[in-house]
Amino acid sequence: MTQLEDRIGFLRSEIKRHNDLYFKFDNPEISDAAYDLLLRELEKLENDHPELKSLTSPSKTVGAAPEGRALSQVKRDNPMLSLDKAMNESEIFDFEDRVVRFLGALSPPTYHTMPKFDGLAVELCYEQRKLNLASTRGDGTVGENITSNVNTIEAIPKTLPPSAPEGRLSVRGEVYMEKKDFLRLNEEREADGESPFANPRNAAAGSLRQLDSSVTKNRKLSFFAYGLNEIEAAGTLTYSQLMKKLALWGFPVESSAASCEAKTIPEVIQIFKRLDNQREALPYEIDGLVVTVDELSLWKRLGATSRAPRYAVAVKFKPRAAQTKVLNIEVQVGRTGALTPVAVMAPVEVGGVTISQATLHNEDELKRKDVREGDLVKVHRAGDVIPEIIEVVLEARPPHSAPFIFPKNCPICGTTSIRRENEAVARCPNRACPAQIEARLIHFASKNALDIEGLGPKLANQLLSANLIERPSDLFRLSFDKVKLMPRFGEKSAQNLIEAIDKARTKSLWRFINSLSIRHVGERSSQILADHFKSLAALAKASVEELKTLNDVGPEVAQSVVDFFQSPLNTSFVSDLLSPELNVSPSLEQNIEGGPLTGKRFVLTGTLSTLTRAEAKARVTTKGGRVLSSVSKETDYLVAGEAPGSKLSEARKFNVTILDEEAFLKLLGQ
Ligand code: IVH
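Residues numbered from 1 in each chain as written. Predicted model: local features only at pLDDT ≥ 70, side-chain atom pairs only at ≥ 80, totals over all residues. Heavy atoms only, no water.

Peer 1: Give a detailed account of the overall build of the protein chain, specifying residues and quantitative values.
Peer 2: Counting its regular elements, the protein chain contains 24 helices and 20 strands. Here the protein chain has a C-alpha radius of gyration of 28 Å; the compact-globule value for 670 residues is 26 Å, and the two agree. When contacts within the protein chain are restricted to residue pairs at least 6 apart in sequence, those whose partners lie at least 24 apart make up 67%. Charge centroids of the protein chain, computed over 88 positive and 90 negative side chains, lie 2 Å from each other. (Helix = DSSP H or I, 4+ residues; strand = E, 2+ residues; numbered from the N terminus. Rg over C-alpha atoms; globule rule 2.2 N^0.38 Å. Contact = heavy atoms within 4.5 Å. Lys, Arg positive; Asp, Glu negative; His and termini not counted. Charge placed at Lys NZ, Arg CZ, Asp CG, Glu CD.)

Spelled out as structure tokens, the structure:
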């Protein structure tokens, strides 16, 4: 084999592998820019050496067909294509040159621009104005059937108004997750001992490609329409008009200043630069600007290659990233024993914030990225918040570096770690591991558990290392005299802490359940369990069968609760917590089901003066209500605190009852 064939073979297999990672596993290993470099190199080699072309080359297809998934497949006649990319200004002019040459035109066309969303392409098929099939892009021709999942997405219309055509209509667009919803989801996942998503795109993909649509339902997904398979059906002459039509038919259409007509390429470039400067302020992630020939009659004449249409180009942003060095890789132990590798890096500024740590999530992710100590890496902030290593700068890798070896034992207590089949996370099984105890103590006192004011990570560490307590229940044995003697404590602060702990003795039962750090049992499950069992002692005796009969308690949660109470360490902790001398007496709040607010949907906006968000939410949910993040026509109440946001006007639009703080408290007091 020649060196050339060798290289082509390597590029083809690498690109196929990256296609799989991207399309099948929602877990890309390299940035889009790095992927494009590989693809371009392959295309160039194939073009320069036509004798080496192959029909199965990944340069001819968009991505890998999703095999081996249980979602059923959907084949489409008119494939969903990719977009050609322009990496710099001169490549945008190249796009115009190609268009003009292809059309044999005397003057260039006019354009339309729209942000390029970083989510998942989907197709929504309507028949007689009813949504009847939704699919992912997959390899373009064959995608996955995600209809039942899409049915749970509020932003997607299920029925179209009479102004829409009655015949078959296939709307294409992007399902994505807003940055704020991504951050909230990750917070919840971490609270439940699950590994967080790396970025909003992965979170959206993971949420959409679920076999169980009740999972999708609990994730907040959003949608933007950007195209129509049957463009004639809209009866418009331009793409700009087509977008307006889609909006009239009830589809969310992006409406920032960058979604507009542009007469010339210099105008396009101006829009691109402005968007690049403002992208952080958008509620969702974008990775470029899609430039489209505006006139639809020209689309027909320009047509498409097997990969992409000739009438559009995606102008990509330079990733807002920085480079820094990995100083070392630490393996941290969470409260459920999860071992999480974390890269500790030389501090570097990205978009105005200093980054010095990035999670590598788990062993597989670490292997995939092959981050090593001493490596130079590119970092950015996923969702503009979470530090993420995009890739290693391989050219700069020190000569004798070695792959990081993920420890077989817990780095803190030395116990052999366990990684169950089908799980990405390895865990330290030793509940008595000091790192777990510390993490559990922090959780025990946290906002969503017993909410002990002033007891954060620093104090938790201090109390344990001073041997003042061994486990969380010992907090209730702490005396003022002991606390007062601790470094940085005085009479007043000691008094405050003792009072805060005192208050915790009678907090509600669901808080106590949540405080135990039972795997998969977060705030919501704790409320359901509290509502049904009414005491810790009863919960401890529950069987898997009984647990499974509860609404919203799945087999995983049920098993996890039973497993928890099978460990002597845990039962001894719970009996200690309930021993009479500690005076702990969890209170029972109103039932969830059958509570006075059962079925009522609340949305909160602005700041309340007497309650935090978490408290307000807890008060609503323990009375049977639900707190949702966005206003819709189904919302019953908008609670508007100080400085309310745009939700207030949305609520007015939908005629939702608006409660000020006083009215809200009154309603809760019923
Ligand atoms: S296409 C043909 N517009 O980019 C012209 N695609 O399409 C119609 N994408 O994975 C516009 N944002 O999911 C278009 N505003 C946008 C887009 C967009 C994101 C994605 C799409 C697909 C890839 C190629």
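Peer 1: I'd like to hear about the sheet that holds strand β18 (residues 626–628), residue by residue, with values.
Peer 2: Read across the open sheet, the 4 strands follow the order β18-β17-β19-β20; overall the sheet is parallel. On the outer flanks of this sheet lie β18 and β20 (657–659), each paired with one strand and no other. Each strand of the sheet is rotated relative to its neighbour by a mean of 35°, with strand direction disregarded. Bridging between strand β19 (residues 637–640) and β20 involves 3 bridges; their strand directions are parallel. Within β20, the position partnered with Leu638 by the bridge is Ile658. (Pairing = 2+ DSSP bridges. Axes fitted to C-alpha atoms, helices over the stretch in contact; angles between N-to-C directions.)

Peer 1: Account for the nonpolar core, with residues named and values stated.
Peer 2: Judged by nonpolar contacts, the single largest core of 70 residues is most densely connected at Leu124 and Phe251. Per-element accounting of this core gives the leading share, 6 residues, to helix α9 (residues 265–278). Those residues in contact with Leu124, other than ones at most four positions away along the chain, are Leu131, Leu133, Ala134, Val150, Ile156, Leu169, Ser170, Val171, Phe223 and Phe251. Membership of the second largest hydrophobic core comes to 54 residues, among which are Ile469, Ala500, Ile528 and Leu577. (Core = buried A, V, L, I, M, F, W, Y, C linked by side-chain atoms within 4.5 Å. Buried < 20%, exposed > 50% of the residue type's maximum accessible area, 1.4 Å probe, protein only.)

Peer 1: Summarise the pattern of salt bridges; cite the residues concerned and give the values.
Peer 2: All chains considered together, the criterion is met by 36 salt bridges. As a salt-bridge pair, Lys447 and Asp451 come within 3.3 Å of each other at their nearest N and O atoms. Under the relative-accessibility criterion, Asp451 is labelled buried at 14%. We note a salt bridge from Asp474 to Arg477, for which the minimum N-O separation is 2.8 Å. Here Arg477 falls in the partly exposed class, since its relative accessible area comes to 31%. When salt bridges with common partners are traced through the structure, they connect Arg471, Asp474, Arg477, Asp576 and Glu581 into a single cluster. (Salt bridge = Lys/Arg side-chain N within 4 Å of Asp/Glu carboxyl O.)

Peer 1: Tell me about the side chain of Ser515, and please be specific about residues and values.
Peer 2: Relative to the assigned elements, Ser515 resides in helix α16 (residues 509–515). Given the relative accessible area of 3%, Ser515 is considered buried. Look past the residues within four positions of Ser515 in its chain and what remains in contact with it is His443, Phe444, Ala449 and Leu450.

Peer 1: Break down the pairing of strand β11 (residues 312–316) for me, with residues and values.
Peer 2: Here β11 lies mainly inside the structure; 5 of its 5 residues are buried. Every second residue of β11 is oriented toward a common face, with Ala312, Ala314 and Lys316 on one face and Val313 and Val315 on the other, all of them buried. Pairing geometry for strand β2 (residues 84–86) and β11, over 3 bridges, is parallel. Residue pairing in the sheet places Asp84 in a bridge with Val313 of β11.

Peer 1: Can you lay out the sheet that holds β11 for me, pointing to particular residues and giving the numbers?
Peer 2: Spatial ordering of the open sheet is given by β2-β11-β10-β3-β9, a layout of 5 strands whose pairing is mixed. The open sheet is flanked by β2 and β9 (260–262), the only strands paired with a single partner. Averaged over all pairs of adjacent strands, the angle between their axes in this sheet comes to 35°, without regard to strand direction. Pairing of strand β3 (residues 111–117) with β9, which is carried by 3 bridges, proceeds in the antiparallel orientation. Within β9, the position partnered with His112 by the bridge is Glu261.

Peer 1: I'd like a description of the packing of aromatic side chains, backed by residues and values.
Peer 2: Scanning all chains against the criterion turns up 16 aromatic pairs. Residues Phe95 and Tyr111 carry aromatic rings whose centres are separated by 6.2 Å and whose planes lie at 50° to one another, so their mutual orientation is tilted. Here Phe95 is found in helix α3 (residues 89–103), whereas its partner Tyr111 is found in strand β3, with 16 residues between them in sequence. In this structure Tyr111 comes out as buried when scored by relative accessible area, which is 0%. Aromatic side chains Phe224 and Tyr284 sit 5.2 Å apart centroid to centroid with 75° between the ring planes, which places their arrangement in the edge-to-face category. Here Tyr284 lies in the loop between α9 and β10 (286–293) and Phe224 lies in strand β8 (residues 222–228), a separation of 60 residues in the sequence. (Phe/Tyr/Trp six-rings, centres within 6.5 Å; stacked < 30°, edge-to-face > 60°.)

Peer 1: Before we move on, can you summarise the site of the ligand with the specific residues and values?
Peer 2: Not every one of the 14 residues close to the ligand is listed here, only the nearest: Pro115, Phe117, Ala121, Glu174 and Tyr226. In this structure, an oxygen atom belonging to the ligand sits 3.3 Å away from a side-chain N or O atom of Lys116. Between the ligand and Glu174 there is a distance of 2.2 Å, counted from an oxygen atom to a side-chain nitrogen or oxygen. Contact with the protein chains hides 89% of the accessible area of the ligand, taken as 510 Å² for the molecule alone. Among the elements that make up the shell around the ligand, the one with the highest residue count is β3 (4 residues). Of the residues contributing to the shell around the ligand, the split by class is 10 nonpolar, 1 polar and 3 charged. (Near = heavy atom within 4 Å. Polar contact = N/O pair within 3.5 Å; in protein donor to acceptor, adjacent residues only side chain to side chain. Areas by Shrake-Rupley, 256 points an atom, 1.4 Å probe, with all protein chains shown as cover. Nonpolar A, V, L, I, M, F, W, Y, C, P; charged D, E, K, R; others polar.)

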